[in-house]
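# Breakdown of the fold
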Amino acid sequence: MRPPIVPFRQFVLKVASRCDLACDHCYVYEHADTSWRGRPVVMSDETAVRAADRIAEHAAEHRIQTTHVVFHGGEPLLAGIERLRRFARTLRRAVEGVCDLDLRIHTNGVLLSRAFCDMFADEDVKVGVSIDGDRVANDRHRLYANGRSSYDQVIRAITLLRDHYPHLYAGLLCTIDVRNDPIAVYEALVALRPPRVDFLLPHATWDTPPLRPAGRDTAYADWLITVHDRWRADGRPVPVRMFESIILTASGGDSQTESLGLRPSDLVVIETDGSYEQADSLKTSFDGAPATGYDVFRHSLNEAAGHPGFAARQGGLDSLSEECRRCPLVASCGGGLYAHRYRTGSGFANPSVYCADLFRLISHLVAYERRRPATPVHRLPVATVDAMASGSVTSDDVALLRAPQLSRARLAARRAATVVADEESWSVLVDAERADRAALDDLLSHPYVRAWAARCAAVDPSSLTTADTGHLAAVAAVAAVRTGLAVKVTVPVVQDFIHLPALGRMRAAGEDRADVEAHDGSFAVRVGGRWHSEDSGLWEPVRLVGGAGIRLLLDDVDPYRDCYGLPVEDRLSAETAAGWDEVVRAALDLLTDDQRAAMRDGLRVLTPLSASATGATGATSRAAYGAIALPLGAGPETAARLLAEHFHRAQLGALLDLLDLAGGDANHERLLCDAYGLLSVAALLGEEERARLTTTVGRISDAPLPAAGHRFAAKLAEAVTRLPLPAGSRPE
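Nothing here was measured: the structure is a model prediction, and the numbers come from that model. (Residues numbered from 1 in each chain as written. Predicted model: local features only at pLDDT ≥ 70, side-chain atom pairs only at ≥ 80, totals over all residues. Heavy atoms only, no water.)

Here the focus is the sheet that holds strand β12 (residues 504-507). Taking strand neighbours across the sheet as the criterion, the 3 strands line up as β11-β12-β16 in an open arrangement whose pairing is antiparallel. At either margin of the open sheet sits one strand with a lone partner, and together these are β11 (497-500) and β16 (539-541). The sheet shows a mean angle of 15° between the axes of neighbouring strands, taken without regard to direction. Pairing between β11 and β12: 4 bridges, direction antiparallel. Bridged to Phe497 within β12 is Arg507. (Pairing = 2+ DSSP bridges. Helix = DSSP H or I, 4+ residues; strand = E, 2+ residues; numbered from the N terminus. Axes fitted to C-alpha atoms, helices over the stretch in contact; angles between N-to-C directions.)

Encoded structure:
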């Protein structure tokens, strides 16, 4: 019986089959395959329409959620602006209502212009650019036919993308030449601030092996290891697909590139004449290697997927040579790029011609990660930072800030667990992560779990109380409840209560400790020799408040909610809590739709400040992202203003966790937060507060800030100058 096909999810459309450069390492024009000579120079509209219909048909049949299409060549920009626009629209029309479309173009950059970028912005086409490093490295291969350098044109193109169209900037592709200085290449690429870098091994086979300087059997591994170690020392300033794929596959994840790992290939090439081909890296093997004999006019993509050439790349471990199957690193290597295995006589049933390099590189990275495990590195697009500096925060901005905040929460929990050294509770968290990572992440991101973890990590361990060290067990108990585990843990009783973060507290007067048993998503607590569930009168749950599509936790019981430097209110009576719910509901109704959308994604908890906090106007804490403390007696209008102001302060705090805007100066950070909070409610400010905002922004602008801080301050100042005059005031 024929095995089921692996559906295609990645499509390379060869929209042009000629190039304006003459790179001597090009696999299309400088290797074994010569099929390009007989193909149309550009893809016709008829072929593009037929290809789009085939892609949509395939996506519908296999219920594919996202289809990835890359315009390629030759040099795809030679197809021209209007032709590429038509192709993009043809694809989007075809897949509309069927699947999402991730549309990209990969170019050498020399023809890229504002006109092209404007069209790509209109049609939502991301742009990747090939560059081999600094001028010396790039000019070794990427030249015009007359030998002239392309470097200046490529740098101009990348600068245009980076500075004026950052939302289109997809990354850089660099082909390795071991004669180039690896650090010079790395520094040149990082200086261009790409969203991602792809390093490619130059295409080679056992018949035409790669350049190897005398005596250097692992020259490519040595080159890449030099780059990797510098990259790690720099804090991983930019994602590198090869390195991240090795790290992911070594820990059981999926590779991000077809050249590594065991994931079946799901890529097909559609040539300018409509022919279906296998990955065009096969052009390095022998003339006609990628051909299938199928095309968009006569054959469906299902028929193409049944071709033996595609099937050979979808068998995982079973499709590899015996030597590869025995290798301990096969899960990461995957035999290397399929084309690099070719040898006359045995075809592709061989290890990669880069086998020794891949073994050394993967071994080095795996050993490095074991010694110094990486923490996630997050980057924000420049356009997002600039938009935030204007004084408003959108739900998209919050989504970009949430991921690094989750990383910080996980890291804080790990550090706290190291200090507390409660291996039994930590093992429960590990089991919970295996059962439902999303549920555990949600718990670790709870603001007051983070506040507890931050306290444990920040102080001398000898100063931690029994309540501090025992709280890890309480977190573990809630993790078990959230993920359905069956466990029993012992938690401390603190001021007559056991506390279960994000759930509530149970009265346990007269006890020092209490057992918590979790089972099937519920729990019971043993107090005074009896088991009490959440139906017990001893249980005080965290309540919900809010409206307008936003439900927030009213947390007036968590012992780590006192992280604001202000006294917080203890458990509210049912009547007071109901009144506060009405105030919060009315306050949310007074906010704009955009403000509510952002809060829906970035606000989880409200905590009432004590009435004894005289003059308090609300508060946030960098250690408790997602929570706001508000004065208990505020009315709806005041609460609405404070919600908006402190929510924006919290988002700026999250930004400051990622980006040094204040040069490490706490006073400058405070001024930034003050100004940012006021700017978010500028329409409500009187003349005195408006003057304070202007003065504060002026002080920030005059401060000795880093470059990013000066840029942010300048955008803030621009936003202030654009503010309308306060109601009732007159221009002088």
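Don't stop here, the text continues.
If you walk through the whole model with that rule in mind, you get 13 aromatic pairs. Centre to centre, the rings of Trp231 and Phe243 are 5.2 Å apart; their planes meet at 50°, and the pair counts as tilted. Here Trp231, found in helix α7 (residues 219-233), pairs with Phe243, found in helix α8 (residues 241-250); they are 12 residues apart in sequence, far enough to count as distant. Side by side, Trp231 and Phe243 carry an identical accessibility label, which is buried. Measuring from centroid to centroid gives 5.0 Å for Phe523 and Trp539, while their planes differ by 65°, and the two rings are edge-to-face. Of the two residues, Phe523 sits in strand β14 (residues 522-527) while Trp539 sits in strand β16, which places them 16 residues apart along the sequence. (Phe/Tyr/Trp six-rings, centres within 6.5 Å; stacked < 30°, edge-to-face > 60°. Buried < 20%, exposed > 50% of the residue type's maximum accessible area, 1.4 Å probe, protein only.)

Moving on: the nonpolar core. If you look at the biggest cluster of nonpolar residues, it comprises 92 residues, and the most contacted ones within it are Leu13, Phe71, Leu84, Phe120 and Phe199. Per-element tally for this core: the top contributor is α7, with 8 residues. With residues up to four places along the chain from it excluded, the contact list for Leu13 reads Met43, Ile55, Val69, Val70, Phe71, His72, Leu91 and Ile270. Counting residues in hydrophobic clusters, the runner-up holds 58 residues, among them Val398, Ala682, Leu685 and Leu693. (Core = buried A, V, L, I, M, F, W, Y, C linked by side-chain atoms within 4.5 Å. Contact = heavy atoms within 4.5 Å.)

Following β11, the chain reverses through 3 residues before pairing antiparallel with β12; Ala502 in that reversal takes a positive phi of roughly 75°. Both β12 and β16 contribute to a ladder of 3 bridges, which runs antiparallel. The residue bridging Gly504 from the neighbouring strand is Pro541, located in β16.

For strand β1 (residues 10-14) and strand β2 (residues 66-72), the ladder comprises 5 bridges, and the chain directions are parallel. Within β2, the position partnered with Leu13 by the bridge is Phe71. Sheet topology note: the β2/strand β3 (residues 100-107) ladder contains 6 bridges and is parallel. Note that in β3 the partner of Thr67 across the bridge is Leu101. Running through helix α2 (residues 81-95), the crossover from β2 to the neighbouring parallel element β3 is right-handed. (Right-handed = clockwise from strand over helix to strand, strands pointing away.)

The terminal C-alpha atoms of helix α5 (residues 151-164), which comprises 14 residues, lie 20 Å apart, in line with the 20 Å expected from a rise of 1.5 Å per residue. Within α5 the residues assigned to the buried category are Tyr151, Val154, Ala157, Ile158, Leu160, Leu161 and Arg162. Summarising the contacts, the buried residues of α5 are in contact with α3 (114-123), β4 (126-130), α4 (135-138), β5 (169-175) and α6 (182-191). (Expected span 1.5 Å × (residues − 1).)

Once that is clear, we can look at the packing of helix α18 (residues 447-458) against helix α19 (residues 466-483). As a packed pair, α18 and α19 sit with axes 10 Å apart at the nearest point and diverge in direction by 145°. Along this stretch, α18 crosses α19, giving a crossing that reads as left-handed. Between α18 and α19, the residues in contact are Val449, Trp452, Arg455 and Cys456 and Asp468, His471, Leu472 and Val475, respectively. Considered class by class, the residues forming the contact of α18 with α19 number 5 nonpolar, 1 polar and 2 charged. (Left-handed = near helix turned anticlockwise from the far one by under 90°. Nonpolar A, V, L, I, M, F, W, Y, C, P; charged D, E, K, R; others polar.)

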